[in-house]
Structures are given as structure tokens and as C-alpha cells.
Amino acid sequence: MLLSRLLRQLIPPGGDARRLCLISMLYAVGSGAFAAVSVVFFTRAIGLSAAQVGLGLSAAAVTTLVLTIPLGKLADRFGGVRVWLAGTVAEACAYALYPAISGVATFVAVVIAVALAENLGTAGRQAYTAAAFPPAERVRVMAYARTASNVGFTAGAMLAGIALALGDRVGYYAMPVSTAVILALAAVLMLSLPRAAHPAPAGAPRKAVGAVRDLGYMAMSGVSGILYSHVTLLGVVFPLWVIDRTDAPDAAVAWLLALNTVLAVALQVVASHGAETAPGAAKAQRHGGFALVAMCGVLAVTAGTSGWTTLALLATAMLLLTLGELWQSAGAWGLSVALAPDERRGEYLSAFRLGGQVQGIVAPAAMSALVVGFGVAGWSGLAAVYLVAALVITPVTRWAQHRRPEPADHAAAGQPVLANV
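Values in this document were obtained by computation on a predicted structure and should not be read as measured data.

Caption draft 1: Structural context of the overall build of the protein. Scanning the protein from N- to C-terminus turns up 16 helices and zero strands. Of all 421 residues assigned to the protein, the portion counted as buried reaches 51%. In the protein, of all internal contacts separated by at least 6 residues, the share reaching a separation of at least 24 is 86%.

Structure follows, in C-alpha cells:
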């Protein structure tokens, strides 16, 4: 009975949703495999310095930030599944170029190409999912897809572990080539997806303003981006805190990250319940913010504990961080789709991602300096930021709804006007 319930949380009922999840898992296997070995590949196989690697990755981040919305408009123009397919094929080709890198210039060019192709594919995937499934199913399908991606990333990391264990250039060079092959296989599977109808901008009345001029929507993106910094907490700040400011062994970091993966796989679909509408999505984001506030408080305490008490508190903090991650993700999916005009969905969904992209540039250095540098006071300040974000997400979302240029279309689709939640 327990196993059957778990499988229902991991595997969608069937049809297009299951096919989409399989594609998501394959993509994650490929990208996850290279992500786990990328730093070693760049420094040991290619011979770049840490500063040169940072330069290339920063250039890719800035380029994608600037071009995110133009890439999203392509999904509106050509349809989500076509753009998703094009982005995945382009990304596979870009990965295949990694073994040909011969210096800093080619490295920067290739990592920018990979980042742009990934961004294009993401724009297409989001637009396709929003168009292919009815409003009541979209968030749940996205939750299944994210669960499949987590499984895929784990499998990809295990493949990367084999390459790292070999410890030679052949193993390192095999990883980007393997990623290219896996992404190409995912692209082949995309050919079986039905073409979801998408409203053509040409000939339709343009009542909607551009996404970046929709102040309510962009404010909602900004608040969601603050809460999205859970990715920085998980990947950067949490490990640094455990290693530098607690008495827990360094190996505890790996076990805590494994706990996050297991919880995310098991609970993502459950956490998405109720986030199909704007009110429910705002509520999920708010719950995610409160979980992050509680996590900050628990981690602050670990600065003065020892032994098993520290480990128990760290596990509790990881549980809270994971809940914050799952609620925030589900809420972000629900809000971004519910308040995007149908005929400009690709543009709007891409604009919504800007908040997360900005935090990815700013948060790692800022949050690490705040928390590791100031300890308990730093956690208190970060908790205050999350508390404010959690409290304002509902009024900001209500403001964004009131500014919607075509509320009748969305109301007809089953997305009620936001009330107090």
C-alpha cells in the first residue's frame, strides 16, 4: 500500500503527462551528469583556471538574463513544443563542442551557447506545458516533471561519479559527449508530443502590455525571486555554514543534500496541491516563505550546539528548507501561468524567471557574506527578508491580478480573482 502511494506521487497517470516526465528525466540525466563533473572538466581536462571558469559562467549568466524575454517570445511565435525541441537540439550540439575547447575565448563562446540553448528550451517547455494541459492540471504536471527531473539529476550524478573515479581525460571528455547523446535522445522523444494549440499574436488584439512593463507581474516575479533563493541556500550557504560554523563533520553535508533529494522526490506532487489557481499559488509561496524563516532560526541555533543535537537540528533545518523549496516552486508555477496572457505566455513566463536569474547572480556572494560573516545576526536578517516576502506575496499578487489586461479570458479558464488567503 505504501509503495503504491509513493509510485502515484512519482509517476503521472499516463498519456502526454507521462511522456513529458520521461523527457524531463532524460534531460536531467544528461545535464546532471555534466553538471557534477563540469568544474573538474574545465580545470583538469581543458586546463582553465578557476578565475577563467568564473568569467565564462558569469558571461553566460548575464547574456541569458538579457535575452531571456526575446527567447520567450519565440515560443509565442512558433509554439512551445517546436521551440523546446529546437532548444534541446541546439543544446546537444553545444555540449558536443566542449571537447573542442582550446582556450578562454572558445570556452566562453561554448558556455554562452549552452546557456542560451537551455534558456530557449526552458521557454518552450513552459509554454508547451501551459498550453497542452488544462488549468486544473498544469501545476500537478509540472510537479510530476520536477520529480522526474530530480530522479534524473541523481542518476546523472551517479554517472559522473564513474567518470570522476576513472580520473583520466578520457572519462572527463566522455561526459559532455554522453550528455549530447542523451539530450539528442530526449529531442527524439519530443517528436511524439502533440502540437498544442497556441494563440497567434498576429491578427489578435494586443490588449496586453509587454511583460516588463506589467509592473504587477514583474513585482510578483521579484518577490518570488527572493523566495527562490532557496537554491542558493541549498547549494552554497547551507554547506558553508555546516562546514565553517558548526561542529558537524564535513561528510554531513552529503547526507543532508541526499535527504533533500529524497524529500523533494517524495513530496513535490503533494506540495503542489491547491496551487492550480492564483489564490492557492500565493498561499503556497507564503507557506514556503514561512518555512524558510523557520529554517533560518533553526540553523542559527546550531552555532552553539554540539554532537547529535547539532545533527538533529541540521536535519530539521534541511526538512524546512525542502518544504520551502517545494511550496515556493509550486506557487511560482501556479502564479506565473495563471497571470500570463494566453497569446503572450512564452514572453510572460520568461519574464517571470528574471527574478530567479537575478538572485542567481546576486545571492551567492551576498547571502554567504551575510550568514557566514555575521552568524546568528546574519540569519536573523535573512529571516526578516523571507518574512517580508512571505507577507507581501498575497497583496502583490492581488495587485498583479487587478492589472491584468484581459481578466475575462483567465476567469473563463478557471482562475478566480485573488481573495485573502
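Caption draft 2: Focus on a nonpolar patch on the surface. A cluster of nonpolar side chains, Val-62, Val-66, Leu-67, Val-358, Ile-361 and Val-362, forms an exposed patch at the surface whose accessible area comes to about 480 Å². Of all the secondary-structure elements, those providing two or more residues to the nonpolar patch are helix H3 (50–78) and helix H14 (354–374).

Caption draft 3: Representation of the packing of aromatic side chains in the model. Applying the stated criterion across every chain, the model contains 14 aromatic pairs. Between the aromatic rings of Phe-34 and Phe-41, the centroid separation amounts to 5.6 Å while the plane-to-plane angle is 65 degrees, which identifies the pairing as edge-to-face. Accessibility assignment for this pair places Phe-34 and Phe-41 in one class, buried. Look at Phe-34 and Phe-42: their rings are 5.8 Å apart centre to centre, the planes differ by 70 degrees, and that puts the pair in the edge-to-face class. On the basis of relative accessibility, which here comes to 3%, the residue Phe-42 falls in the buried class. Taken together, Phe-34, Phe-41, Phe-42, Tyr-95, Tyr-98, Phe-107 and Tyr-173 form an aromatic cluster joined through their ring pairs. When the ring centre of Phe-78 is taken as origin, the NZ or CZ atom of Arg-77, which lies over that ring, is 5.1 Å away.

Caption draft 4: Region of the structure containing the pattern of salt bridges. According to the stated counting rule, one finds four salt bridges in the structure shown. With a shortest N-O distance of 2.7 Å, Asp-342 and Arg-345 are connected by a salt bridge.

Caption draft 5: Seen up close, helix H7 (residues 169–190). The first and last C-alpha atoms of H7 sit 33 Å apart over 22 residues, in line with the 32 Å expected at 1.5 Å per residue. At Met-175, H7 is deflected by roughly 25 degrees, the largest bend along its length, and proline Pro-176 occurs up to four residues later in sequence. Packing partners of the buried residues in H7 comprise helix H2 (15–45), helix H4 (80–96) and helix H6 (135–166).

Caption draft 6: Highlighting the packing of helix H11 (residues 278–301) against helix H12 (residues 307–338). Interaxial distance between H11 and H12 falls to 7 Å at its minimum, and their mutual angle equals 160 degrees. Between H11 and H12, the angle falls in the class roughly antiparallel. The interaxial crossing formed by H11 with H12 has left-handed handedness. Across the contact of H11 with H12, the residue classes break down as 21 nonpolar, eight polar and no charged.

Caption draft 7: Expanded view of the environment of Leu-189. For Leu-189, the position within the fold is in helix H7. Separated by 169 residues in sequence, Leu-189 and Leu-20 have C-alpha atoms that sit 8.9 Å apart. With sequence-adjacent residues up to four places away left out, Leu-189 is seen in contact with Arg-19, Leu-22, Ile-23 and Leu-26.

Caption draft 8: Structural view of the packing of H3 against H4. Two elements in contact, H3 and H4, have axes whose closest approach is 7 Å; the angle formed by their N-to-C orientations is 130 degrees. Between H3 and H4, the interaxial angle falls into the category oblique. Note on element contacts: H4 touches H3 through Gly-80, Arg-82 and Val-83, opposite Leu-74, Ala-75 and Phe-78. Classifying every residue of the contact of H3 with H4 by side-chain character gives four nonpolar, one polar and one charged.

Caption draft 9: Seen up close, the nonpolar core. Grouped together as the largest cluster of nonpolar side chains are 82 residues, with contacts concentrated most on Tyr-217, Met-220, Leu-233, Phe-238, Met-295 and Trp-379. The biggest single contributor to this core is H12, with 11 residues. When near neighbours in sequence (up to four residues on either side) are disregarded, Phe-238 contacts Leu-233, Leu-256, Leu-299, Leu-314, Ala-317, Met-318 and Leu-321. In terms of nonpolar packing, the next biggest core, distinct from the first, is built from 30 residues, Val-40, Phe-41, Ala-60 and Tyr-173 among them.

Caption draft 10: Geometry of the environment of Pro-239. Along the chain, Pro-239 turns up in helix H9 (residues 230–245). Owing to a relative accessible area of 14%, Pro-239 belongs among the buried residues under this scheme. For the pair Pro-239 and Val-253, spaced 14 residues apart in the sequence, the C-alpha separation amounts to 5.9 Å. Those residues in contact with Pro-239, other than ones at most four positions away along the chain, are Leu-233, Leu-234 and Val-253.

Caption draft 11: Focus on the side chain of Ser-31. Of note, Ser-31 is situated in helix H2. Taking relative accessible area as the criterion, Ser-31 reaches 10% and is therefore assigned buried. The contact partners of Ser-31, leaving out residues within four places of it in the chain, are Tyr-95, Phe-153 and Thr-179.

Caption draft 12: The arrangement of the confidence of the model for the protein in detail. Mean pLDDT for the protein: 88, with 90% of residues reaching 70 or above. Below pLDDT 50 for its whole length, residues 200–208 participates in 11 contacts with residues either more than four positions away or in separate chains. Segment residues 406–421 is flagged for pLDDT under 50; beyond a separation of four residues in sequence, or across chains, it makes 39 contacts in the model.

Caption draft 13: Up close: the environment of Thr-63. The topology assignment puts Thr-63 in helix H3. A residue is classified by how much of its surface remains accessible, and Thr-63, at 22% relative accessible area, is partly exposed. Taking the C-alpha atoms as reference points, Thr-63 and Ala-113, separated by 50 residues in sequence, lie 9.7 Å from one another. Not counting the four nearest positions on each side in its chain, Thr-63 is found in contact with Ile-112 and Leu-116. Engagement of the side chain of Thr-63 in a polar contact is seen with the backbone oxygen of Ala-59, the distance being 2.7 Å.

Calculation notes
- Residues numbered from 1 in each chain as written.
- Predicted model: local features only at pLDDT ≥ 70, side-chain atom pairs only at ≥ 80, totals over all residues.
- Heavy atoms only, no water.
- Helix = DSSP H or I, 4+ residues; strand = E, 2+ residues; numbered from the N terminus.
- Buried < 20%, exposed > 50% of the residue type's maximum accessible area, 1.4 Å probe, protein only.
- Contact = heavy atoms within 4.5 Å.
- Patch = residues over 30% accessible without salt bridge, like charges linked within 9 Å, V, L, I, M, F, W, Y side chains within 5 Å.
- Areas by Shrake-Rupley, 256 points an atom, 1.4 Å probe, with all protein chains shown as cover.
- Salt bridge = Lys/Arg side-chain N within 4 Å of Asp/Glu carboxyl O.
- Phe/Tyr/Trp six-rings, centres within 6.5 Å; stacked < 30°, edge-to-face > 60°.
- Lys NZ or Arg CZ within 6 Å of the ring centre and 35° of its normal.
- Expected span 1.5 Å × (residues − 1).
- Bend = angle between axes of the 7 residues up to and from the residue.
- Axes fitted to C-alpha atoms, helices over the stretch in contact; angles between N-to-C directions.
- Parallel < 35°, antiparallel > 145°, perpendicular 65-115°, else oblique.
- Left-handed = near helix turned anticlockwise from the far one by under 90°.
- Nonpolar A, V, L, I, M, F, W, Y, C, P; charged D, E, K, R; others polar.
- Core = buried A, V, L, I, M, F, W, Y, C linked by side-chain atoms within 4.5 Å.
- pLDDT = per-residue confidence, 0-100.
- Polar contact = N/O pair within 3.5 Å; in protein donor to acceptor, adjacent residues only side chain to side chain.

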